[in-house]
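# Structure at a glance
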Amino acid sequence: MGLLDDKKRARTFYKYFSKIYDLVNPFFYSEEMRKTVVDMAEIDEGDLVLEVGCGTGFTTFEIVKRVGEEKVVAVDLTPEQMVKAVARFPKANFLRGDAENLPFKDNTFDASISAGSIEYWPHPALGIQEMARVTKPGGRVVILAPRKPDNPIVRKFAESIMLFPSTQQCVAWFLKAGLEDIRYVEMGPYRFWSKLVVIISGRVP
């Protein structure tokens, strides 16, 4: 387990990192990547969408453009992060919540999205199962995860900090959650850093 592969430590980290998060995030997560995440959810205007690990609202912005503020329900463990998202989207529905124990009934949402959160989940397979549980049949679950680095030295350092799953591992988790029609794309914010993350989507049967 990496240093931040722990809810309490991750929450403490983001309590302080939230002060500069919006300055740092664009270097790792581009608008094109964000658009791809939401495209792969296949959502339409009026759909009810869950965002898991909303942070300061970077991905929320694109979801709101598609469905409207009132149709977004967003959860996060870190109040210091979420308070910025609440200020940006006052009509959206925000609550503090745990990805591995979502406080919603089965088949509630038309789609569920999580970008840049799974790397902090101690049990990522459980988090994906929870997202699948609360998503309606036919809806899609979309995850953006930092991709396992190819360089073994970089990989060892990265994995000492937090989770960096392989694309194959993500596919296996989606299959375990019972998801179908699984699609994925590897991409990054720059041409020279084109495989920083994997974005994976699966449909609830």
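The coordinates are above.
Here is what the cut-offs are and how they apply
- Residues numbered from 1 in each chain as written.
- Predicted model: local features only at pLDDT ≥ 70, side-chain atom pairs only at ≥ 80, totals over all residues.
- Heavy atoms only, no water.
- Salt bridge = Lys/Arg side-chain N within 4 Å of Asp/Glu carboxyl O.
- Helix = DSSP H or I, 4+ residues; strand = E, 2+ residues; numbered from the N terminus.
- Buried < 20%, exposed > 50% of the residue type's maximum accessible area, 1.4 Å probe, protein only.
- Core = buried A, V, L, I, M, F, W, Y, C linked by side-chain atoms within 4.5 Å.
- Contact = heavy atoms within 4.5 Å.

Turning our attention to the pattern of salt bridges. The full count for this structure, using the stated rule, is 12 salt bridges. In this structure, Arg66 and Glu62 form a salt bridge, with 2.9 Å as the shortest nitrogen-oxygen distance. Remark: Glu62 and Arg66 occur in helix H4 (residues 58–67); sequence separation between them is 4 residues, near one turn of the helix. With a closest N to O distance of 3.4 Å, Lys136 and Asp110 form a salt bridge. Of the two residues, Lys136 sits in strand S5 (residues 135–146) while Asp110 sits in strand S4 (residues 109–115), which places them 26 residues apart along the sequence. Classification of Lys136 as partly exposed rests on a relative accessible area of 32%. The network of salt bridges with shared partners includes Lys35, Asp39, Glu62, Lys65 and Arg66.

Turning to the nonpolar core, a few remarks are in order. Residues Ile43, Ile63, Phe94, Leu144 and Ile199 are the most contacted members of the largest nonpolar core, which totals 28 residues. Elements with a contribution of two residues or more to this core: helix H3 (31–39), H4, strand S2 (72–76), helix H5 (79–88), S4, S5 and strand S7 (197–203). Not counting residues within four places of it along the chain, the set of residues in contact with Ile43 comprises Val38, Val49, Ile63, Arg66, Val67 and Ala111. Counting 25 residues, the second largest nonpolar core, distinct from the first, contains Val52, Val73, Trp121 and Leu179.

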